[in-house]
Amino acid sequence: MTDRLPGFNTLAIHAGAAPDAATGARATPIYQTTSFVFDDVDHAASLFGLQAFGNIYTRITNPTNAVLEERIAALEGGTAAVAVASGHAAEFLVMHALMQPGDEFVAANKLYGGSINQFNHSYKNFGWNVVWADTDDPASFEAAITPRTKAIFIESIANPGGVITDIAAISAVAKRHNIPLIVDNTMATPYLIRPFEHGADIVVHSATKFLGGHGNSIGGLIVDGGSFTWAGDARYPMLSQPRPEYAGMVLSETFGNFGFAIAVRVLGLRDLGPALSPFNAFLIINGIETLPLRMQRHSDNAKTVAEHLSRHPAVAWVSYPGLEADRYHQLHKRYCPHGAGAVFTFGLKGGYEAGVALVSNLKLFSHLANIGDTRSLVIHPASTTHRQLTDEQKTRAGAGPEVVRLSVGIEDAGDLIADLDQALA
Ligand SMILES: *Cc1c(COP(=O)(O)O)cnc(C)c1O
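The structure displayed is predicted, hence computed values, not measured ones. (Residues numbered from 1 in each chain as written. Predicted model: local features only at pLDDT ≥ 70, side-chain atom pairs only at ≥ 80, totals over all residues. Heavy atoms only, no water.)

## A short note on the overall build of the protein
Along the protein, the regular secondary structure elements total 17 helices and 14 strands. At 22 Å, the protein has a C-alpha radius of gyration in line with the 22 Å of a compact globule built from 425 residues. Per-residue burial over the protein gives 55% buried out of 425 residues. Sequence separation of 24 or more characterises 71% of the internal contacts of the protein that already satisfy a separation of 6 or more. For the protein, the accessible surface area stands at approximately 17,500 Å², while carbon and sulfur atoms represent 55% of it. (Helix = DSSP H or I, 4+ residues; strand = E, 2+ residues; numbered from the N terminus. Rg over C-alpha atoms; globule rule 2.2 N^0.38 Å. Buried < 20%, exposed > 50% of the residue type's maximum accessible area, 1.4 Å probe, protein only. Contact = heavy atoms within 4.5 Å. Areas by Shrake-Rupley, 256 points an atom, 1.4 Å probe, with all protein chains shown as cover.)

## A look at the packing of aromatic side chains
Under the defined criterion, the tally for this structure stands at 20 aromatic pairs. An aromatic cluster is built from Phe92, Phe105, Phe119, Tyr123, Phe126, Trp128, Trp132 and Phe153, whose rings are joined through pairwise contacts. We note Lys150 situated over the ring of Tyr236; from NZ or CZ to the ring centre the distance is 5.8 Å. Note that Lys209 overlies the ring of Tyr112, its terminal NZ or CZ placed 4.6 Å from the centroid. (Phe/Tyr/Trp six-rings, centres within 6.5 Å; stacked < 30°, edge-to-face > 60°. Lys NZ or Arg CZ within 6 Å of the ring centre and 35° of its normal.)

## Quick notes on the UniProt feature "modified residue: N6-(pyridoxal phosphate)lysine" (unreviewed entry) in the protein
The UniProt feature table records "modified residue: N6-(pyridoxal phosphate)lysine" (unreviewed entry) at Lys209. Residue position: Lys209 is located in the loop between strand 8 (202-206) and strand 9 (220-224). The residues touching Lys209, leaving out its near neighbours within four places in the chain, are Tyr112, Thr186, Asn370, Ile371 and Gly372. (UniProt positions renumbered as here; feature names shortened; annotations may be inferred.)

## Overview of the domain arrangement of the protein
Here the domain parsing of the protein yields domain 1 (8-287) and domain 2 (291-424). One C-alpha centre belongs to domain 1, the other to domain 2, and the line joining them spans 29 Å. If you look at the interface, domain 1 gives 32 residues, while domain 2 gives 34 residues. Surface buried jointly by domain 1 and domain 2 totals about 2,600 Å² across both partners, of which 62% is contributed by carbon and sulfur atoms. A per-residue breakdown of the area domain 1 buries against domain 2 is headed by Ile164, Tyr191 and Phe210, which together make up 28% of the total. (Domains from an automatic or database assignment. Buried area = accessible area lost by both parts, 1.4 Å probe.)

## Describing the site of the ligand
Taken together, 14 residues surround the ligand, and among them Gly87, Asp184, Ser206, Thr208 and Lys209 come closest. One of the backbone nitrogen or oxygen atoms of Gly87 is found 2.9 Å away from an oxygen atom of the ligand. Backbone polar atom of His88 to an oxygen atom of the ligand: 3.0 Å apart, as the coordinates give it. For the ligand, the protein covers 93% of the area, taking 380 Å² as the surface of the free molecule. Examining the composition of the shell around the ligand, we find that 3 residues originate from one element, helix 4 (residues 87-98), more than from any other. In terms of residue class, the shell around the ligand is built from 2 nonpolar, 8 polar and 4 charged. (Near = heavy atom within 4 Å. Polar contact = N/O pair within 3.5 Å; in protein donor to acceptor, adjacent residues only side chain to side chain. Nonpolar A, V, L, I, M, F, W, Y, C, P; charged D, E, K, R; others polar.)

## Overview of the sheet that holds strand 7 (residues 181-184)
Within the open sheet, the 7 strands sit side by side as 1-9-8-7-4-2-3. Their pairing is mixed. Bordering the open sheet on either side are strand 1 (80-84) and strand 3 (129-133), each of which pairs with just one other strand. Within this sheet the neighbouring strands show an average axis-to-axis angle of 20 degrees, counted without direction. Taken together, the 3 bridges between strand 7 and strand 8 define a ladder with parallel strand orientation. Bridging from a neighbouring strand, Ile182 pairs with Ile202 of strand 8. Relative to strand 1, helix 3 (residues 63-76) is tilted by about 130 degrees, and along the sheet it contacts strand 1, strand 8 and strand 9. Set on the sheet, helix 5 (residues 113-120) makes contact with strand 2 (104-108), strand 3 and strand 4 (149-155); between it and strand 3 the angle comes to about 135 degrees. (Pairing = 2+ DSSP bridges. Axes fitted to C-alpha atoms, helices over the stretch in contact; angles between N-to-C directions.)

## Notes on helix 17 (residues 413-424)
With 12 residues, helix 17 should cover 16 Å at 1.5 Å per step; its first-to-last C-alpha distance of 16 Å lies within 8% of that length. Turning to helix 17, its buried residues are Ala413, Leu416, Ile417, Asp419, Leu420, Ala423 and Leu424. Take helix 17 and look down its axis: the buried residues cluster within an arc of 160 degrees, on one side only. At its buried positions, helix 17 is contacted by helix 13 (291-310), strand 10 (315-319), strand 11 (343-348), helix 15 (351-361) and strand 14 (403-407). (Expected span 1.5 Å × (residues − 1). Arc of directions from axis to C-beta.)

## Re the packing of helix 4 against helix 5
Axis separation between helix 4 and helix 5 bottoms out at 11 Å; the angle between their running directions is 35 degrees. Once helix 4 is placed against helix 5, the crossing between them reads as right-handed. Contacts between helix 4 and helix 5 involve His88, Glu91 and Phe92 on the former and, on the latter, Gly114, Ser115, Gln118 and Phe119. Of the residues in the contact of helix 4 with helix 5, the class split is 2 nonpolar, 4 polar and 1 charged. (Left-handed = near helix turned anticlockwise from the far one by under 90°.)

See below:
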């Protein structure tokens, strides 16, 4: 044996997992239990005081969830991770650890629609204020920063698909102002892009999408990059100030480069409570074992389908970075040379009516509001997710009347093309 470091494919299958100590079970068991018996009174006291690592209650830690946490930390190249109930819970717990009432964060304007709602409306109840910047213009992030800015939030491959963010350029802005950069890496997954290598400090995921990969479980993940220095920084009191409930412990000092993940777990998950079910953790762990194979096929199929659509007489335009003429093609070659992912949009010459007809006529593609399934998915935003907006607002959001979004699955590309052709005809 050499002391070589395991590669990405190996980590996707093995990181965090070992044969079960109690039974020898090779697949990760589902520890479907709410709570765990203490060895004795001293053991209980040390667990509650954060003097020892171990399990108390599944809202805070669980051995099945721990395998998922170690696996995503290894794949992203972070120091630790926390599994939570959904992608939105992941975003919320990250902000909860960073923000005080009256604080601001700067967010890219090309984001998952649910994140835009969360930031614009629900966060107002906590006194957290979002300031929007242009995903394609790193200088607009710099211009939006004020003394109350506590974080920058972007997506790596951004919604509505077909957008590649210049993570390193935005990280340079964050570093100049000593602000942590949070990257939602849901659409890329660490197989296509590893944001910590480009200067991110925290990564969040909706594991609901490509990590789980089979359209069967809602889940979220937070990964600590270990790169930001919280200790002594009064702007982040949860991390830098003594915690009364833990005998005055300062989390960033006791836990060093995984202090952020600890704060999310022992303050956010403990008090706000969006825990991931161990059963869902099990399904997501199984999904991740085939992540490299699936992401490659998703990307290869998406490119084949995008090329076909770009030559189709009924199609006005296709927005996919894998196409040579695409405006994001250079960023694609720099950030995700394996492929540009599964999700992209295209425009129909026939406008709104043609969009409605297409989703009605497709047979293999499922018409629904999700991405990242093995199955191919389609949605016509103007008649569904964006129907309440005016035509002008729709167009600004990349959801004009003619726009169709695909999440290309891992079926045979020829079958997907045949289905699109019959539906377009
Ligand atoms: C789906 C999604 C979310 C929200 O995740 P849920 O698991 O649905 O809560 C956040 N960000 C992106 C990019 C997503 O696609």
